[in-house]
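Next come the chains, spelled out residue by residue.
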Amino acid sequence: MLGFVFDRLNPRSISPERAAGIPSCNIQRVGIFHESRAEEVIAVMQRARLDFAQVADGLSTKDAERIGARRVIRDLRMEHGTSISYIQMQIDEWAEHCSFFLLVVDGGEVEKVAALQFNKPWILSVDKEKADMQEMLRNCRPDGVELADSVEIAPGIQDAGKILQVIHELGK
């Protein structure tokens, strides 16, 4: 999947027109939205040729249905102090309103993440500087891994060498 940020306050933000002009071959295209209304998400998805919308808090399950549940990736954040029961409640509530979950983990919360019961495919996003990626993968078994921030040399600019290094580490 190839992700595009649509948030004017984020230094990684891109316009829908610019995103539409970036070739992606057969790679699925994801728009990352923060505090956007459903109508705005739908319009940007059309203009930027997106397959999925990654949404966080701020959009309801009704909004997800308007976007199209099969096109929604629900972004969940497990930051320091977030209870496992709260994350599990979000997983259960959103199960019928999305295609995937993206779980963003702040640090090495292996035991907490391993205890979660996902009812849809899920993608793990963790800062490889704060957590042992090998341990997370071995114990938590995500369906995918999001690398964006951990392979950047500047906001929105990925380093091919870092990408290859992470892929090599994950293959061990």
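Scope of this entry: the structure provided in the associated data block. What you see is a predicted model; the values in this text were computed from it and never measured.

Thresholds applied
Residues numbered from 1 in each chain as written. Predicted model: local features only at pLDDT ≥ 70, side-chain atom pairs only at ≥ 80, totals over all residues. Heavy atoms only, no water. 1 Å grid on protein atoms, 1.4 Å probe; cavity = no way out; pocket = protein on both sides within 12 Å on 5 of 7 lines; lining within 4 Å. Points joined across faces, edges and corners; volume = space filled by probe spheres on them. Nonpolar A, V, L, I, M, F, W, Y, C, P; charged D, E, K, R; others polar. Helix = DSSP H or I, 4+ residues; strand = E, 2+ residues; numbered from the N terminus. Buried < 20%, exposed > 50% of the residue type's maximum accessible area, 1.4 Å probe, protein only. Contact = heavy atoms within 4.5 Å. Core = buried A, V, L, I, M, F, W, Y, C linked by side-chain atoms within 4.5 Å. Pairing = 2+ DSSP bridges. Axes fitted to C-alpha atoms, helices over the stretch in contact; angles between N-to-C directions.

### Thoughts on empty space enclosed by the protein
Point 1. Evaluated as defined, the whole model comprises one cavity of 30 Å³ or more.
Point 2. Estimated volume of the largest cavity: approximately 30 Å³.
Point 3. Contributing to the lining of the largest cavity are Phe33, His34, Glu35, Ser36, Val55, Ala56, Asp57 and Leu59.
Point 4. Its residues assigned to classes, the lining of the largest cavity shows four nonpolar, two polar and two charged.

### Concerning the side chain of Ser36
Point 1. Relative to the elements of secondary structure, Ser36 occurs in the loop between β2 (29-33) and α2 (38-48).
Point 2. A relative accessible area of 8% means that Ser36 is categorised as buried.
Point 3. The contacts of Ser36, once residues within four sequence positions are left out, are Phe6, Val41 and Leu59.

### Considerations on the nonpolar core
Point 1. Grouped together as the largest cluster of nonpolar side chains are 37 residues, with contacts concentrated most on Phe6 and Leu103.
Point 2. Per element, the largest residue contribution to this core is five residues, and it comes from α2.
Point 3. By size, the runner-up hydrophobic cluster in this structure holds six residues, among which are Val30, Phe52, Leu102 and Val104.

### Re the sheet that holds strand β5 (residues 100-105)
Point 1. Strand order in the open sheet formed by seven strands is β1-β2-β3-β4-β5-β6-β7, with parallel pairing between adjacent strands. Each end of this open sheet is capped by a strand with a single partner; those strands are β1 (2-6) and β7 (144-146). Strand-to-strand twist in this sheet, taken as the mean axis angle between neighbours without regard to direction, amounts to 25 degrees.
Point 2. Of the strand pairs in this sheet, β1 and β2 are connected by five bridges, and their pairing is parallel. Looking at β2, one finds that Val5 is bridged to Ile32.
Point 3. Contacting β1, β2 and β3 (52-55), α2 crosses the sheet at an angle of about 145 degrees to β2.
Point 4. Contacting β5, β6 (122-126) and β7, helix α6 (residues 133-140) crosses the sheet at an angle of about 155 degrees to β6.

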